[in-house]
Each structure stands twice: as C-alpha cells, then as structure tokens.
2 protein chains.
Amino acid sequence: MTSTTTPDQTHPLPEAGGPRPVEGHGDPATDRISPLGQALREATGGRWQHVREAARAELPVDLMLRDPALSIEAARDWTLETLQVINALGYSASGYPKEYGGLDDEGRSTVDFELAAHGDLSVAIKSGVQFGLFGGAVSALGTQWHHDRYLRDLIEMRLLGCYAMTEIGHGSDVASLETTLTFDPGGDEIVVHSPGPSARKAYIGGAARDARIAVVYGQLWVGEDCHGVHAVLVPIRDESGVALPGVTTGDHGAKGGLAGVDNGTLMFDRVRVPREMLLNRYGGVRDDGVYESPIDNPNRRFFTMLGTLVRGRISIASGGAVVARKALSIATRYAVARRQFSAPGHDGEVLLIDYLAHQRKLLPAIATSYALMFAQNELTERLQDLHEAPEKDQEAQRELETRAAGMKAMATRHGNDTAQMCREACGGAGYLAENGLTVLRQDADVFATFEGDNTVLLQLVAKGLLTNYKEMFGDLDMLGMVQFAARSFGGAVIERTAARPLINRLVAAAARRSEDEELLDRGWHLAMFEDRERHVLETLAGRLRKASKGEDSFEAFNSAQDHVLLAARTHMDRVILEAFVAGIEACSDPVAQDRLERLCDLYVLCSLEADSGWFQQHNRMSATRAKAITAQVNELCRALRPDAIALVEGMGIPEEWLGSTMLVEPSWTA
Amino acid sequence: MTSTTTPDQTHPLPEAGGPRPVEGHGDPATDRISPLGQALREATGGRWQHVREAARAELPVDLMLRDPALSIEAARDWTLETLQVINALGYSASGYPKEYGGLDDEGRSTVDFELAAHGDLSVAIKSGVQFGLFGGAVSALGTQWHHDRYLRDLIEMRLLGCYAMTEIGHGSDVASLETTLTFDPGGDEIVVHSPGPSARKAYIGGAARDARIAVVYGQLWVGEDCHGVHAVLVPIRDESGVALPGVTTGDHGAKGGLAGVDNGTLMFDRVRVPREMLLNRYGGVRDDGVYESPIDNPNRRFFTMLGTLVRGRISIASGGAVVARKALSIATRYAVARRQFSAPGHDGEVLLIDYLAHQRKLLPAIATSYALMFAQNELTERLQDLHEAPEKDQEAQRELETRAAGMKAMATRHGNDTAQMCREACGGAGYLAENGLTVLRQDADVFATFEGDNTVLLQLVAKGLLTNYKEMFGDLDMLGMVQFAARSFGGAVIERTAARPLINRLVAAAARRSEDEELLDRGWHLAMFEDRERHVLETLAGRLRKASKGEDSFEAFNSAQDHVLLAARTHMDRVILEAFVAGIEACSDPVAQDRLERLCDLYVLCSLEADSGWFQQHNRMSATRAKAITAQVNELCRALRPDAIALVEGMGIPEEWLGSTMLVEPSWTA
C-alpha cells in the first residue's frame, strides 16, 4: 500500500491563480417553499442565517452533486476543482484574519463547512483539511512569520496542505505520537523522523496526492529534553507532485466512502527543515537554541495546542447533523408521494407516511434534527463570542471544548443512524446511488471515528463533568457531597445553556402541576432530563470514589465505563434540550413556534421512552406513565404528519441539492 | 437511466461449456485453529457440517476476495467468472433434482448460498439470482416441459436468467403487479406487456447485462378473466447480449454496494412467447384455451406460488448472519492485537478488547451470532425435512414460511448493525476498504429491504401469529380467551422448537428456585422470553379485537403497528433462544458446551436489559433485578474475553477468507 511517490504517480495541481469565476456552472436551486417552511428556516438559522440564505440563492446546483460512478481518480479531480469554485465564491476561509483575505469570523467558518457539507461530503472534508486543519494549525499554532509566509497562499488555494497528526499506531492517543522533531543546533534546523512502522502518519487527507506541505505533529526534542507534542511545517512534494527526498508517501486507495479525498500515509527519514518552520506560538526554540513556551505546565500546553481542534469538531458536528437533515429531506419527500399496499375501505394504496411504523421512523428523527440545529447554533455562537472576547476565559474555553466533543459524538451518531434508517425507509430505491442516499451514508460513515472517536469523545465529556464535580466536592464526604449537590447542582456542576432564567421558570412551574397535566409540560421535561443527568453523574462520582480506594484507578474507571458513557450522553441530552427550549422561545412566528413545541415534545418523549428502563429502575417513572408516553409519541407523530413537507423545508436544504432522481422523475407512481 | 439495449452495450457471455477446473487459482486457506474453536465449529455446524468443512478445505482463497477498487464493469466480470468456478466446484445447485445434475438437497442449497456468502457478496447474490430465484422458479413453478428444456443448462450456467417479479411501483406488494400476461388463443401465445411506467420491472439482478431469459411475473388474463399473478419464461436477449424486439432493458448503474451484480430494469411491449412458456404447475392454460389450476382458491394459489420464495428468505437470513460473523471475526482479531492509551500502573498500552465498552460492543454481538447459527440450522433442517416428507403438510409449510420471514428480518438486522459496529470498533483502519469491513457492510446493506422488506416481513410474522390466535380463540369472549390462553399457550398458539421436553423441564425447575439463584437460570430465561411474547401477543389480540368494533380495520391495525412489530420480534427472540438451548444440549464437548452456556446467558441478559423498560412496566422485573442484570452482563463480558479468539474461530470463517490487510500486516503495532 505504501510506496515512495515516483514520477509516474505525480499529479500536477490545476493551474493556480486565486478565485475563479462561476462561469461554466449551472443555475442555483429554485427552492420554492411554503410559508411555514420559510418561518422554520428563519427560526433555526441562527446568527448566520443570512449566509445560509445567500448560499441557497447563489450556489450552482451542479457543484453540490458528484456523479457516484466516478473512479477514485476522477472523483479526486472533481472534488478539488469544485472546492476551488466554492473557495472563489467565498464559502471556505471566513475564519482567517482580515489582513490575509479572511473575515475574522470563526463561527462563520464552521457555517462555511456546514454549507459545503450540504453538497458532496468529499468537497466538505477536503475543505476542512485545507482551511480547518492545515490552515487552522498554521493560523492558531503559528506566529507572524508563518502567517505572512503562508496564509494568503493557502486561503487562495495556491498552496495545498495536509494535517499529519494521526499515526497508524496511535489513533486517538495523540500524546503517544512517536514521530520526533529534533532541534539540530548545528544547522539551526528541525529534523523530522519516523522511528518505526507504527509512527507512520496515516489516514491523512491530501497526503496521497494533492498536498505539497504538511503540518507534522511529533515529540519535540531540544538537547536531552523532550518537550512533548509540537507541530512543524514540512514541504512534502515539489510543484509537479513528486515526493521530496526523505519523504515516503502512500495512498489508502479505496475507502468506505469519501472517494474524492486523497487520504494517504507519510513517513519521514530524517527530513530537515529550517527552525522557523516550527509552529511556535505555544512553544518553540529561541535563536540561542533554548526551548521556550508561554505555558509552563506541559500538560496544559498540550491541551492548549489540541484546543485548536475544537473548530474541527464543531464543524464535523454540523456535518453529521446535515447528513441527517439531507437524508430526512429525501426519505420524507418520498414517503409523502410513494404508495404501497391497498387498505380495505380506503381508496387506492396507502402513502408510506401514513403508516404508523413509518411515522415512527421519520418524525422522531426530524425532531432530533431540529433539536441539534438549535444546539449547534448555540455552540457556534459561543465559539465566535469566545474568539471575539477581549480576554481569554480558560474555563469558558474548556467548557466549549467539552461541548464540542459531545456535540460531535451526538450529531454524527444521529447523522449515521438517520441516513441508514432513511436508506431503508426508501426500500430498493434507497439503494440506488442515483437517489442520493447511499453515497451520503458511506461518506458520512467515518464521521463516527475521525476528528476523535465518538466513544473516546464521550469519555472526554464525562471526564470534564467529573472534573467540575471534583473541584466542587473534592473535600466533602459522600453524604455531604450528595446533599450539597442537591442544592447547588443547577448553578455550578453543570453549566447551563443560554436560557437559564426561562428554564428555571419552567421547572418551577412544573413542580406545581399534577401528574395528569405533566406529559406535555416543558418544565417537567426539563426536570426529568436534569434529574437523569444529575443522578447518573452523582452515582458515577460515588462509584469511582469508592472503587478508587481498592483497585487501581484504571480498573476502577474501566469497570464503570458503561456508566461513564451514560453520564456523557445524558449530559448532552440536557444541553441539547435546553438549546431547543431557548430556540423556541426566540421564535417570532406563532405557527412555526407551535410546530417547534410539538417537535420538542416528540424529542423529549422519545428520549424518555428509550430510557424508560432507567427511569422506572430509579423510581422516576410509573408503569402507567411509561405506557402513556408511548401512546403520546404515537399521537404526536400523527399530529405532525400533515406538516411533514414543511418540516423538511424548514431544515433548509433546497430540493435540487438532494440529488435524488426518484424525487425528480417519480416513474414509480401509478 | 433506462434505455433500450443497443449493440454497443452488448456484453457476450464468457465462453460456455459447463464446469471449469480450479486451475489457475491459488491455495485454500490454512485455517489452523484452537481445539476449542474446532469444538465450537462442530457444535454449530448442524446437519451440513461436513459441507462446511469441505468448503474450508478446498475453496481457493482468491475466489473469496474481490478487489474493492474494481470498476462496476470489471466487478461484474469478476463476479460472473468467480461464480462459474464455484459452480464447477459444486457449491451452487444442490437443491435441484438429481436427474438434472443436482443433489435433491434443498437444505444444502441454502448452505451452498451461505458458503458463497463467506466470500464476496456479489457472487453470493448472483448465485442466489441464478440458482435460487430464476432456477428455483423454473423448478418449483414449472413442470416437466420446463425442467427438461432448461434445468440442466441453467444448473451448468450455459443459460443465465433473471427473476422479474418486483415492479418499480410495487415493491413488497406483489399482488398489485401491473404487468399483464394475456393468453392469445389465435397464436396460442402469451402476450407479455408493461402497461405503464410504474409497471417497469426494477432492481432485477441480471437484467442489466448477463441474463438471456427472465421469469416474468404478471396478471394472467384468459379471455375476460384475470386469474391473478402467474409467471412466464421470456427470452430477453440474444446470444450476443442484444435485447430482443419489444424488450427494453435498463441499467441501475452504481448502487450502495453489490457492484458485481448487474441490477437493471425491464419493460415489455407486447412480447409474445409460446403458451408452453407459462410456468404452469399451480395454474395454466390448457390446450383448449381454458384456465386450470390444482388450487381453487385464488388467494391460496397466490400464496402457494409465493411460498417458493421461502428458500430465498432462508438463504438471505443465512447471509445476514454470515456478515455479522465475518465482521466480528475481523474486529475481534483486531481488538486482541491493537493497543491504545496507556493506563497508570499498567505496562504498555491497553488492548482494545480490555476496555469494558469494547467488550460490550463485541461480545453480545458474538453471543447473538451463536444464537442465530443454531436457529438457522434448525430452520434449514426443517426446510429439508418438509421437502423430503412424503406428504405435504400445509400447516408445517405455513409455519416454515413465517419463521423464514422472521429469521430473514432478525438476521439481516443483526448483520447490518454488527458490521457497522465492527467498522467503527476498528476506527480509521475499519474505513479502509483493504481491511474488509466497508465492502461487506455496503454489500449487505440491501439485505434489510430485498427479498421482502424487514418491516413488512415482521408484520407477516405477527399476522401469522394472530391467525393462529384467532383460529384458537375466535369464538371465546375476551375473558375466556385470556384464561384459555394461559392454560394452552405452550402447546398450541405458539409452536415450539425442537427442544420441547428439555425446555418444559427447565422452565418447571426454574419455578422452584428463589430469586437469588435465577439470574443465570436457563429455565427462568426461557420463562421470561415466553412470558414477554405471550403478553405482547395477548394484549395485541385484545387491542385489535376491541378496536375493530369501532374504526375501520386498517386504522385499527395501523394504530397498533408498533405493538404488531414488537409481537413479531419477541416471538422470534423466543424461537431463537429455544434453538440455542437445544443446540447447547446437543453439544458433546464439555468445554465448548460451557462456553456456549455463557454465551447463551449473555444473549438472554442483553435482551432482558434492552427490554428492561417493558419488563418493569409490566411488573415482571424489579429495579433491583434490572440493576443486577446490567452488572451480570459486564461480568459475562469479562468472563468470555479470554476466549475471544476461540469464539470467533468457532464461527467458522478461516482468517484468510476475511481479506483484512491489517490482520496480515499489522504495521500499527509498536
């Protein structure tokens, strides 16, 4: 699989030269939608709603759709060329400083990615590699020297790069990277070296073909001292695409999807670059050959450097959520047109959407998609607010990272599960590439494990919560801890979302209601989610504390791993619900607001239904209540069904972007 | 997408001429395994264990593995050629009568398919089209004339056919097919016609390229009378591959997987074939132009003809189960070699398999896979027993069809979910095609919706159970029904699996034990599964009966659709468990038997854990018990972990058949 790039494998870049015209491309989408659909778009569009509207109005439809039969090589060509057009249209580099051609808008940069993800995911991921990972590292970890030298070229795609962090032996465990970056005072150079086969950089987007330069992560050695993981810029190919001396590249070839992304491997055999190529914002080598860093604690330095990954995770979360919305847009449109089986006493055959089992597949997933839109908006706005804040707030930054990790895991899981469900809900038609679901599903598959494996990320969330917990309660004994937690939980252990006053009001009102009224009471919903999270976290903390006295700490943590993951999931469920509630409150259109309330009911009750074992086991739900919830879910599905099309319009994807032949040429209707 | 086949699209068949030598192919797998692995293979091999052993010993490894980067056209070539070799080796046509070259062994024919599915799934599906669907229809629906004329040629692949049942407008609803087969007494011919676009035959394997003849399903008209769905043989291409006059073929092109299967469409414009081409075993036109059938009731005739699909469903069930076993074989072998993250106080990094969350992913899926192996053996043996029985037992046949439908839905769901989980459990490596998981997952995806959509099939199962129920209790009032059900449930409403006396004994013994001892008591397990099934079915029957008095019958059934699907699922859970219990009892190796007992415990407790909401809601599980079950699942995972490799060896797939580069060249170890 791995081989040194030889001249016959070279692939010259398309002619350089900055922005290109959209000439030669087709029209943008027509995108005529219902008033309710439009009101829902406005309610869910968030701070960058105007960017979304502009993209829908101007992106040529043919940019959004890749021919699924293209060979790997042709798919790579198409992907690169398409990204260049999207770049020229201004949907890729918003996060960079204005002086280099960006908009200094971090939040919008993730919206750029999200908009690209509405089309072909290879284009979006290639954009993420160039502008998020590679460019993001140069921007965030580099200093003036790197910015002046590289930012404008990379923003305008005259310089294509890759992000060589992952090694084949060390997937999620970045601290264990083996690649060495050794300072050589003689030549004033950094020597980049891969000490063995498990140090090979792997899965690197751009490494197989297009990248000319790499941000390479490795252990920085200065003299006898290892200063931990740092990053350095290393040219890997010449202009014509031939690998430079000492660099061995490999091509991963066929993958489960993302055919247009040229993932590959990199090995370095004592490759030398000038000392200045080290991205030295958080740690570098002075002119006198001494290591220096603005952050003394090596652990904090490491996490600060990794903190630059936060934008990538927010972007992938948005992409996972788009996958679900796109799949639902296809499957729901099909379900309101496709008939199957006649029913006694009914005229003709029954529409798929009129089967309860079909409603039960589509509508809860639509409800979750709405929940995630609001939660994603909140996350993106917080990213931009922190970016703009005059002073760096460490705690807010850590909270953002925790939430980004959690959202990435939740949204990509939802995206993959929903795309799969939608594929199946369209039967054999769903399995034809021309109907738009299979390529989507395959491309998104890797979202579950890249940019941080979902299981690892959820652990990260739980550890973040436990850290808060420990800081709060470290010195109390168990009983005191629980009592104190009961008083202070709301304010401190678990930071709240934007809608704090509203949520407090709703929860307080719910406490005064009788059980009969509760089922659709938002305050009760919020209280149930909060109570679930608190109980799971408190019992986890207690369990770990007890266990840590006997066993070794790994065993203690490992034997509670299912509990750890549950804590993370229930935390994210609450965070997402609170964003949903805040979003509904802010909606100014009464009809849209009413539908959002029903979707929120459905989102909550499906979650309670799925966890009814837990709630009953912990005496928080009676058998009667559990039964009533199931009946209410069915009732909500029925109530929302007439608005099915408006609900998918509200998710913001023009029908022509779906690339689904069966919706355009419905030859399957009688 | 659809177009009349023109000469430049033709593709001549590879040279004909019966069986080919295996010359030119590589060696079979080495397949050295542990004694426990071997004992487990013998315990799970069933009646055709010798065929499985022979296949492992003789099938060349290169037949099992398709290059994932092949273009669609190249993949089709490779698939056809590989099937010809497998055919020559004797693994495809066992079900046909001996006088035409088969073995008259229906059960083994599904094992043939299963063995093919251990390799590339396009080959297996192409085999299923040729020998199961097309050949199966000629064999089962045709008579002596058809057998003499076609069976030997199709068995030896000199004649390639396709099975044109599905129409684009009518997926699972075969009774609504629009294609007409009109008897023309003038020419003594059948006129085959597609009246409109929704009558187009779609998704037909072989229709795009290789098939020369089709079994076409449509409504048979004789004079003024429509006699419902029948099938007729229609030549569609000449020897060189050019479509015959009146036949329009189309190519579905890229799909979600199965690149080697040439699925396509067919339209007929008043194509005439001799009357003899009608497959007339269950209904045809006499020489005097009068319709005649051995089955008077049109409804029963229709279902008798569809009954020939049962072997196909049993085959797909076996294929879905193989997908899970193959994916688990890859992911488990990876997990016992791959290390990630160091743990304080432990040497080196921790193996993936030692993380509880990872065990929780792999081991319950392994347990379910074992359960399905036993259930599949039972089903296959029953198929062959019914085939061999001197007299046709209508009720046994109906039961077999119900169970085949249920097994197809359960096993393909398990296959797809497990392949996906395994892909993710291997991280980025799992996303590279060279590691064997992505193509597997993509090829198997359609299993969930073809050969009967899983949701539709589960409804079929539930309807079968309700029919039994109604026959039994139709004349009793509600109270009488429930009382009677409580007495007779075991014996009649739900037919039991082979292990009836054993199971009665175990259940009776469990009733005498205290709650403390129960958790691992098989009798308690059986009682819980049986009780869940009975309660779900009884309440469903009551609900439908009550509802049917008010609303129309479609609404009554539809509003209970989630309940209907639950009834089917809980029924299948019990059937599968009982097969597992019987299989353990028959195991002669004490160590293997012990491990099977633990796997069965895990299978049961995971099911009880997943349904703990239901059990608590219906007062069948206390909160304490629910908690104990979760702890016991974790404990079982830990207990089974040391035997992980032997457990996957026992699933019967030689490591070299897995086609997983990372297992052969583990460059990711330090």
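This report concerns the structure included in the present document. All figures in this text were calculated on a predicted structure; none of them were measured in a lab.

Section: the overall build of chain A
If you tally the helices and strands in chain A, you get 25 helices and 13 strands. Since a compact globule built from 670 residues should have a radius of gyration of about 26 Å, the 26 Å found for chain A is in line with a globular shape. A buried classification covers 62% of the 670 residues belonging to chain A. A separation of at least 24 residues holds for 76% of the contacts in chain A among residues at least 6 apart in sequence.

A short note on the environment of A:D594
When you line up the elements, A:D594 lands in helix α21 (residues 590-610). When the C-alpha positions of A:D594 and A:S660 are compared, they lie 31 Å apart, and in sequence the two are 66 residues distant.

Describing the packing of aromatic side chains
Pairs of aromatic rings are described using the distance from one ring centre to the other and the angle between the two planes. The final tally for this structure, using the stated rule, is 16 aromatic pairs over all chains. Between the aromatic rings of A:F374 and A:F580, the centroid separation amounts to 5.4 Å while the plane-to-plane angle is 25°, which identifies the pairing as stacked. Separated by 206 residues along the polypeptide, A:F374 in helix α10 (residues 356-388) and A:F580 in helix α20 (residues 561-586) bring together distant segments of the chain. A centroid spacing of 5.2 Å and a plane angle of 90° characterise the contact between B:W614 and B:F615, whose relative ring orientation is edge-to-face. Owing to a relative accessible area of 14%, B:W614 belongs among the buried residues under this scheme.

Remarks on the packing of helix α5 (residues 106-117) of chain B against helix α6 (residues 121-141) of chain B
All names here are of chain B. Following both chains from N to C, one finds α5 and α6 inclined at 155°, their axes separated by 7 Å at the closest point. With respect to α6, the element α5 is oriented roughly antiparallel. Contacts between α5 and α6 involve F113, A116 and A117 on the former and, on the latter, L121, A124, I125 and G128. Looking at the contact of α5 with α6 residue by residue, the class counts come to six nonpolar, one polar and no charged.

Concerning the relation of the copies chain B and chain A
Taken as rigid bodies, chain B and chain A are interconverted by a rotation of 180° and an axial shift of 0.0 Å, the fit giving an RMSD of 0.0 Å. In short, the pair behaves as if placed about a two-fold rotation axis. No C-alpha of chain B approaches the rotation axis more nearly than that of B:G613, which lies at 1.7 Å.

Focus: the pattern of salt bridges
Taken as a whole, this structure holds 100 salt bridges over all chains when the rule is applied. Of the charged contacts in the structure, one is a salt bridge between A:R595 and A:D594, with a shortest N-O distance of 2.8 Å. The closest approach of N and O atoms between B:E597 and B:R522, which form a salt bridge, is 2.6 Å. Pair noted here: B:E597 is in helix α21 (residues 590-610) and B:R522 is in helix α18 (residues 522-550), with a separation of 75 residues, a long-range link. The class of B:E597 is partly exposed, set by a relative accessible area of 28%. A network of salt bridges, in which partner residues are shared, links A:R522, A:D594, A:R595, A:E597, A:R598, A:D601 and A:D643.

Re the sheet that holds strand β8 (residues 263-268) of chain B
All names here are of chain B. Taken in spatial order, the three strands line up as β4-β8-β7 in an open sheet, and their pairing is antiparallel. The sheet is open, and its two borders are formed by β4 (201-205) and β7 (247-251), each paired with just one other strand. Between one strand and the next, the sheet's axes are offset by a mean angle of 35°, whatever the strand orientation.

Section: the sheet that holds strand β7 (residues 247-251) of chain A
Residues and elements named next belong to chain A. If you walk across this open sheet you meet the three strands as β4-β8-β7, and the pairing is antiparallel. A single partner strand is all that each edge strand has here, and the edge strands are β4 (201-205) and β7. Strand-to-strand twist across the sheet, computed as the mean angle between neighbouring axes with direction ignored, equals 35°.

Structural notes on helix α7 (residues 144-155) of chain B
Residues and elements named next belong to chain B. The end-to-end C-alpha distance of α7, which contains 12 residues, comes to 16 Å, matching closely the 16 Å that a straight helix rising 1.5 Å per residue would cover. Listed as buried for α7 are H146, H147, Y150, L151, L154 and I155. Seen from one end, α7 has its buried residues packed into an arc of 120°, which puts them on one side. Looking at the packing, one finds that the buried side of α7 touches α4 (72-88), α6, β5 (213-222) and β6 (225-235). Backbone geometry just after α7 places M157 at a positive phi near 60°.

Calculation rules
- Every chain's residues receive numbers from 1 upward, in the order its sequence appears when written.
- By the order in which they are written, chains take letters starting at A while ligands take numbers starting at 1.
- Predicted model: local features are reported for residues with pLDDT of at least 70 only, side-chain atom pairs are reported and counted for 80 or more only, and whole-chain, interface and lining totals are derived from all residues.
- Excluded from the side-chain calculations are hydrogens and water; all other atoms, namely the structure's heavy atoms, are used.
- The numbering of helices and of strands both runs from the N terminus, where a helix is a DSSP run of H or I of at least 4 residues and a strand a run of E of at least 2.
- Between the two quantities, the radius of gyration covers C-alpha atoms and the globule rule is 2.2 Å times the number of residues to the power 0.38.
- Each residue is placed in one exposure class: buried if its accessible area under a 1.4 Å probe, protein chains only, is under 20% of its type's maximum, exposed if it is over 50%, and partly exposed if it falls in between.
- Whether two residues are in contact is decided by their heavy atoms, any of which lying within 4.5 Å being enough.
- We call Phe, Tyr and Trp rings a pair once their centres come within 6.5 Å, taking the six-membered ring for Trp, and we label the pair stacked below 30 degrees between planes, edge-to-face above 60, and tilted otherwise.
- Structural elements are reduced to axes, namely lines fitted to C-alpha atoms, with helices fitted over the stretch in contact, and the angle between N-to-C directions of any two is expressed from 0 to 180 degrees.
- Comment on the angle field: the value is read as roughly parallel under 35 degrees, roughly antiparallel over 145, roughly perpendicular from 65 to 115, and oblique elsewhere.
- Gly is placed with the polar residues, together with every amino acid not listed as nonpolar (Ala, Val, Leu, Ile, Met, Phe, Trp, Tyr, Cys and Pro) or charged (Asp, Glu, Lys and Arg).
- When the copies are superposed, the least-squares fit draws on C-alpha atoms of residues that have pLDDT of at least 70 in both.
- Put simply, a salt bridge is a Lys or Arg side-chain nitrogen that is within 4 Å of an Asp or Glu carboxyl oxygen.
- Whether two strands pair comes down to DSSP finding at least two bridges between them.
- By this rule the span expected of a helix is its residue count minus one, scaled by 1.5 Å.
- Directions drawn from the helix axis to the C-beta atoms are what define this arc.

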